[in-house]
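The chain contents come next:
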Amino acid sequence: MTDFIYDEECYPNVFTLAIMNASNGKKTLFEISNRRNDFARMKSFIMKLKNGLHRMVGFNNIGYDYIVLHELLTRGSPAMDARMLCNIAYTISQKIF
């Protein structure tokens, strides 16, 4: 099992997720915006972590990051455009605040 440190940022028009492998320092970045839509790649990456029984560790992951990410992965789909995906994440984010 490997720990993966992560953080996300959420705005009305952009969602970003940065993940770093704690063992080797390798960083992986995902962006959902009008410029780029990494949703399918992000979901696949996170499912590989889950299936490999790896842990995702974050600063405020229980109170914020995990909630937003879980809802985005559950309610979102690769067929959605970036605007719709950002709206899901931002709406959840605002409910938390």
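See the structure above.
**Quick word on the state of the cysteines**
Using the criterion set out here, one finds zero disulfides in the structure. Here Cys10 stays free of any disulfide, with the sulfur of Cys86 as its closest cysteine sulfur at 7.2 Å.

**Section: the sheet that holds strand S1 (residues 3-11)**
The four strands lie next to each other as S3-S2-S1-S4, forming an open sheet whose pairing is mixed. Strands with a single pairing partner mark the edges of an open sheet, and in this sheet they are strand S3 (27-33) and strand S4 (55-57). For this sheet, the mean angle separating the axes of adjacent strands, direction not counted, is 25 degrees. Both strand S2 (residues 14-21) and S3 contribute to a ladder of seven bridges, which runs antiparallel. Each residue of the ladder has a partner; that of Ile19, found in S3, is Thr28. Against the sheet, helix H1 (residues 39-51) makes contact with S1, S2, S3 and S4, and its axis sits at roughly 140 degrees relative to S3, the strand it touches most.

**Focus: the packing of H1 against helix H2 (residues 61-75)**
The contact between H1 and H2 brings their axes to 11 Å, and the two run at 110 degrees. The pairing of H1 with H2 is recorded here as roughly perpendicular in orientation. In the packing of H1 onto H2, the handedness of the crossing is left-handed. Between H1 and H2, the residues in contact are Phe39, Met42, Lys43 and Ile46 and Leu69, Leu72 and Leu73, respectively.

**What about the nonpolar core?**
By size, the foremost hydrophobic cluster in this structure holds 24 residues, and its most contacted members are Phe15, Leu17, Ile32, Phe39, Met42, Leu69 and Leu72. Going through the elements one at a time, S1, S2, S3, H1, H2 and helix H3 (82-96) are the ones with two or more residues in this core. A per-element tally of this core places H3 first, with six residues. Apart from the residues within four sequence positions on either side, Ile32 is in contact with Asn13, Val14, Phe15, Asn37, Asp38, Phe39, Met42, Leu72, Ala82, Leu85 and Cys86.

Cut-off values and rules
- In this convention, every chain numbers its residues from 1, walking through the sequence in written order.
- Local features in this predicted model are restricted to residues of pLDDT 70 or higher, and side-chain atom pairs are both shown and tallied only at a pLDDT of 80 or more, whereas totals for entire chains, interfaces and linings draw on every residue.
- The side-chain values count all of the structure's non-hydrogen atoms but skip hydrogen atoms and water molecules.
- Only a pair of cysteine sulfur atoms within 2.5 Å counts as a disulfide in this structure description.
- DSSP-based pairing: two strands are paired if at least 2 bridges between them are found.
- To qualify as a helix, a DSSP run of H or I must reach at least 4 residues; to qualify as a strand, a run of E must reach at least 2; elements of each kind are numbered from the N terminus.
- For helices, the fitted axis covers only the stretch in contact; all axes are lines through C-alpha atoms, and the angles between them, taken along N-to-C directions, range from 0 to 180 degrees.
- Two residues form a contact once any of their heavy atoms are found within 4.5 Å.
- Roughly parallel refers to an angle under 35 degrees, roughly antiparallel to one over 145, roughly perpendicular to one between 65 and 115, and oblique to any angle outside these ranges.
- For a crossing to be left-handed, the near helix must be turned anticlockwise from the far one by less than a right angle; the clockwise case is right-handed.
- Nonpolar cores were defined as sets of buried Ala, Val, Leu, Ile, Met, Phe, Trp, Tyr and Cys residues, with membership established by side-chain atoms within 4.5 Å.
- Accessible area is worked out with a 1.4 Å probe on protein chains only. A residue is then buried under 20% of its type maximum, exposed over 50%, and partly exposed in between.

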